[in-house]
Amino acid sequence: MLIPSNVCFYNYFPGIIYILVIMLILNKTVQVFFKPSKRKVDGFLRSFNFHPGTLFLHKIVLGIETSCDDTAAAVVDETGNVLGEAIHSQTEVHLKTGGIIPPVAQQLHRENIQRIVQEALCASGICPSELSAIATTIKPGLALSLGVGLSFSLQLVDQLKKPFIPIHHMEAHALTIRLTNKVEFPFLVLLISGGHCLLALVRGVSDFLLLGKSLDIAPGDMLDKVARRLSLIKHPECSTMSGGKAIEHLAKQGNRFHFDMNPPMQRAKNCDFSFTGLQHVIDKIIMQKEKEEGIEKGQILSSAADIAAAVQHTTACHIAKRTHRAILFCKQRDLLSQSNAVLVVSGGVASNLYIRRALEIVTNATQCTLLCPPPRLCTDNGIMIAWNGIERLRAGLGILDNIEGIRYEPKCPLGVDISKEVAEAAIKVPRLKMKI
Ligand code: KG4
Ligand code: ZN
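I will try to describe carefully the structure that is included in this document. (Residues numbered from 1 in each chain as written. Chains lettered and ligands numbered in written order. Predicted model: local features only at pLDDT ≥ 70, side-chain atom pairs only at ≥ 80, totals over all residues.)

Some remarks on the pairing of strand β10 (residues 368-371)
- Direction of pairing for strand β9 (residues 341-346) relative to β10: parallel, over a ladder of four bridges. Pairing of Val342 across the sheet is with Thr369, part of β10.
- Of the crossover connections in this fold, the one passing from β9 over helix α12 (residues 353-365) to the parallel β10 is right-handed. (Pairing = 2+ DSSP bridges. Helix = DSSP H or I, 4+ residues; strand = E, 2+ residues; numbered from the N terminus. Right-handed = clockwise from strand over helix to strand, strands pointing away.)

Below, the structure is given as structure tokens:
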């Protein structure tokens, strides 16, 4: 047995609860059938979970996330209340090895998943039998990591006899903002992290138009590589920070004007991104500086802070420019409101305040509202997966009673790719002063 499904406070008071439920049913029935309409009757029937032992009148989802290097779980209800959550981060282990080694990540997921799910459930104070469904990330991500979450979830689904909701990790990132803010569809989303980089128009729970994505690596990956090359793990102020956070921290002490770097893809009038070229330029600068300062690879350069400031600024300008074009494209095609458009930014890199300020300059210039989930919801977590499950339950999309043949998918694009159409529109973006 994976999770004991019968140990819970409510089991000691079945009589009281059943009486309460019957009273509620009667109350609802009177409200609905006093003025009957098909919509009201359908809504009435949908609002109940008829699972044995399920006594709550609203939806509750357990979300499980293992797509990369975080083992996370959460229990969320349909009003967005986080009833319980738990997370085990592997960052410290992977920092030591200089990057994620998939079999190591898989082993750590295996060691922690049962405890993390149990902790989230216990913290929520609800019985597993009271869950409406179990939602789990099945795409995209590291194959070995996804596999652990999926096989654990399928056993749990089988044990508890609950519906299963397979989750697209990027869809979950994009919808998180609807848990914290009142945001209606459509809105534009920019997802920037160690593994993702894309711009998409969110038209509905599972209705996305992909406007652009990174043609090579993600910005967080590039910042991690630069931080590693600068040996920031040996820097007394940065030793426990992720690469991106270390760059942001050090950049505050540096002067970006000491190095001249051009944002990538300046001539390409699309919404795609690229970070590999920038990474190579920085590698060359570091090599040159090591020669000038007469130090070995692996020691910290005296100009590390200036390099960090320059790379952060160049990254911010690149991201801001592509996002600016995406806003203009959506407005030109009437895909976003002219006066009330929303840009949502999420992913680990979205916690970078310098990059946020660059994006604020863009949203101010285009009369858009910039929204970011709080940092703990920007990075990978179980809450966003559970919330995506709630969104799908409410929309009646992708809820499986039969889990036969379900597989994880390491690669899986998000939505309908219209990046060619965006490129053909060749929108010229007005120059903005990036005084950050
Ligand atoms: O979303 P996340 O936790 O995991 C995935 O990549 O999916 O993002 C982690 C990435 C790492 O590359 C990390 O260096 C970057 O986000 N990051 C930052 C900051 N904090 C984390 N990048 C820039 N500035 C930060 N403050
Ligand atoms: Zn993510």
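Next comes the rest of the write-up.
Here's the deal with the site of ligand 1
- Residues in contact with ligand 1 amount to 20 residues; listed here are only the nearest, Gly194, Gly220, Gly244, Gly348 and Asn352.
- For the shell around ligand 1, the elements supplying multiple residues, two or more each, are α8 (219-229) and α9 (243-251).
- Here the shell around ligand 1 is composed, by residue class, of three nonpolar, twelve polar and five charged. (Near = placed C-beta within 6 Å. Nonpolar A, V, L, I, M, F, W, Y, C, P; charged D, E, K, R; others polar.)

Quick word on α9
- Within α9, eight of the nine residues are buried, which leaves the element mostly enclosed by the surrounding structure.
- The set of residues buried in α9 consists of Gly243, Gly244, Lys245, Ala246, Ile247, Glu248, Leu250 and Ala251. (Buried ≥ 20, exposed ≤ 12 C-beta atoms within 10 Å, placed from the backbone.)

Topic: the pairing of strand β2 (residues 70-77)
- Across the eight residues that make up β2, a large majority, seven, are buried.
- Where strand β1 (residues 60-65) lies against β2, six bridges are found, and the strand directions are antiparallel. When the bridges of β2 are listed, Val61 appears paired with Val76.
- Hairpin connection of β1 to β2: four residues between the antiparallel strands.

Section: the nonpolar core
- The biggest cluster of nonpolar side chains holds 118 residues, and the ones touching the most others in it are Val61, Leu188, Ala200, Leu211 and Ala386.
- Residue contributions to this core peak at 15 residues, all from helix α11 (residues 304-332).
- Split by domain, this core shows at least three residues from each of two domains, domain 1 (1-176 + 379-405) and domain 2 (187-372 + 416-425).
- Filtering out sequence-adjacent residues up to four positions away, Leu188 remains in contact with Leu201, Ala326, Ile327, Cys330, Leu336, Ala341, Val342, Leu343 and Val344. (Core = buried A, V, L, I, M, F, W, Y, C linked by C-beta atoms within 7 Å. Domains from an automatic or database assignment. Contact = placed C-beta atoms within 7 Å.)

Observations regarding the packing of helix α4 (residues 102-124) against helix α5 (residues 143-160)
- The interhelical angle for the contact between α4 and α5, taken along N-to-C directions, is 20°, at an axis separation of 8 Å. As far as their axial angle goes, α5 and α4 are roughly parallel. Seen from above, α4 lies across α5 with right-handed handedness. For the pair α4 and α5, contact is made by Pro102, Pro103, Ala105, Gln106, His109, Arg110 and Ile113 and by Leu144, Ser145, Val148, Gly149 and Phe152, respectively.
- Its residues assigned to classes, the contact of α4 with α5 shows seven nonpolar, four polar and one charged. (Axes fitted to C-alpha atoms, helices over the stretch in contact; angles between N-to-C directions. Parallel < 35°, antiparallel > 145°, perpendicular 65-115°, else oblique. Left-handed = near helix turned anticlockwise from the far one by under 90°.)

Some details on the sheet that holds strand β5 (residues 164-168)
- The five strands are arranged β3-β2-β1-β4-β5 in an open sheet whose pairing can be described as mixed. The open sheet terminates on both sides in strands that have one partner only, identified here as β3 (82-89) and β5. The sheet shows a mean angle of 20° between the axes of neighbouring strands, taken without regard to direction.
- Of the strands in this sheet, β1, β2 and β3 touch α4, which is tilted by about 160° from β3.
- Packing of helix α14 (residues 383-395) onto the sheet brings it into contact with β1, β2, β3, β4 (133-139) and β5, and relative to β1 it is tilted by some 135°.

Details of the sheet that holds strand β11 (residues 416-417)
- Taken in spatial order, the six strands make up an open sheet running β10-β9-β6-β7-β8-β11, and their pairing is mixed. Edge strands, defined here as strands with exactly one partner in the open sheet, are β10 and β11.
- Sheet topology places strand β6 (residues 187-192) next to strand β7 (residues 197-204); six bridges connect them, and they run antiparallel. Bridge pairing in β7 places Val189 opposite Ala200.

Such coordinate-based values are descriptive only and should not be taken to indicate function.
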